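Observations on the model geometry
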Amino acid sequence: MRRRPRRHPALASPHEQREPHAGPGPAEGVTLSQLLQVLVNGLAVGCIYGLIALGFVLVYKATEMVNFAQGDLMMLGAFMAVTLIGDFGLPWALGLLLSVLALAVFGYLLDAFVLRRVLGEPQFAIVMLTIGLGFIFRAVAGLVWGYDPRSFPTPYTGKSLRVGEVVVSYENFAILLGTLILCVVLFLFFRHTRLGIGMQATSQNQLAAYYVGIPVKRVFSLVWAISAGVAAVAGILLAPVSLVQPGMGFIGIKAFAAAVIGGFGSIPGALLGGWIIGVAEQVAGVYLPAGFQEMSAYGILILALILRPQGLFAQIQRKKV
């Protein structure tokens, strides 16, 4: 049985060649340990989708913009970590912190000097702008870092934890743990800090927030900063299990599908949508014929738009109002 080491095809770029799937087919039966292994891998992949989808949701809730460059911000965060840690030799923790801060500052400036100029324009213009920014980010990344894939070694690379017959790589464990910590930090920030409460007020009613003295434009820029920082975290968590290259941001398309499935505007829905797509991809890649893995995310998206276009969490939110 051949397997691609340290890498799952769901995280590969569209331009990379994939080996034929050699996992157990439906006829071979499914044991409990195999199912648990698939679920663990799917949750780890889904966390990456969920974090990128979280960036979509944060920006949309505050500014009603859809940022299709979110996946490319994740790519820039991964390259920043590779540069600071791999090239400059900074300590691992310090390099990660500086990478997130650098992307947060970049997101703030991006809104302050570019995106703020198109506020009030039709949504189509904003969508085209963010798509164009994504192309620019990929081109700049290719010019600065080149188009050859780069690895991102970590102190836990190659290590794994075995629980019974289920093997959890430290890379996947870091993705799960990092996602949990980030979600807790964001929850505490939005629930218990003055700035976080101001951001929630702005997302609900911009005019009312302005009249009570909340600096709405600055809040918009801070939301973009947080969104870019979250994207950097996703890129850093993804980098050890996926080669870093300019095209890695294309998985933002699947993250957008996750945001739609969960309910565009719902933070828990973004994570849930990411997990649904991540697990579905793993199940399809292991137990279904070749080709089903890549189409599974979009098939679920189409099904969700037909059966529940408002998203999984929309009804729950309406009941709380």
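Residues numbered from 1 in each chain as written. Predicted model: local features only at pLDDT ≥ 70, side-chain atom pairs only at ≥ 80, totals over all residues. Heavy atoms only, no water.

Where helix α5 (residues 170-192) contacts helix α6 (residues 194-204), the axes come no closer than 5 Å and their chain directions differ by 80°. With respect to α6, the axis of α5 lies roughly perpendicular. From α5, Phe189, Phe190, Arg191 and His192 reach across to α6, where they touch Arg194, Leu195, Gly196, Ile197, Met199 and Gln200. The residue inventory of the contact of α5 with α6, partitioned by class, reads five nonpolar, three polar and two charged. (Axes fitted to C-alpha atoms, helices over the stretch in contact; angles between N-to-C directions. Helix = DSSP H or I, 4+ residues; strand = E, 2+ residues; numbered from the N terminus. Parallel < 35°, antiparallel > 145°, perpendicular 65-115°, else oblique. Contact = heavy atoms within 4.5 Å. Nonpolar A, V, L, I, M, F, W, Y, C, P; charged D, E, K, R; others polar.)

In this section: the confidence of the model for the protein chain. Mean pLDDT over the protein chain: 83, with 88% of residues reaching 70 or higher. This model gives residues 1-10 a pLDDT under 50, and the stretch forms 29 contacts once residues within four places in sequence are excluded. The low-confidence segment residues 315-321, where pLDDT is below 50, has four contacts with residues more than four positions distant or belonging to other chains. (pLDDT = per-residue confidence, 0-100.)

At a closest axis distance of 10 Å, the pairing of α6 and helix α8 (residues 216-238) adopts a crossing angle of 105°. Here α6 lies roughly perpendicular to α8, going by the angle between them. Of the residues in α8, those touching α6 at Leu195, Met199 and Thr202 are Val216, Val219, Phe220, Leu222, Val223 and Ile226.

On to a nonpolar patch on the surface. The grouping of Phe173, Leu177, Leu180, Ile181, Val184, Val185, Phe187 and Leu188 at the surface amounts to a nonpolar patch, some 730 Å² of accessible area in total. For Ile181, the position within the fold is in helix α5. (Patch = residues over 30% accessible without salt bridge, like charges linked within 9 Å, V, L, I, M, F, W, Y side chains within 5 Å. Areas by Shrake-Rupley, 256 points an atom, 1.4 Å probe, with all protein chains shown as cover. Salt bridge = Lys/Arg side-chain N within 4 Å of Asp/Glu carboxyl O.)

Attention now moves to the state of the cysteines. Under the counting rule described, the total for this entry stands at zero disulfides. With no disulfide of its own, Cys47 has Cys183 as its nearest cysteine by sulfur position, at a separation of 7.8 Å. Cys47 gets classed as buried once you look at its relative accessible area, which sits at 2%. For Cys183, a relative accessible area of 22% gives the class partly exposed. (Disulfide = S-S within 2.5 Å. Buried < 20%, exposed > 50% of the residue type's maximum accessible area, 1.4 Å probe, protein only.)

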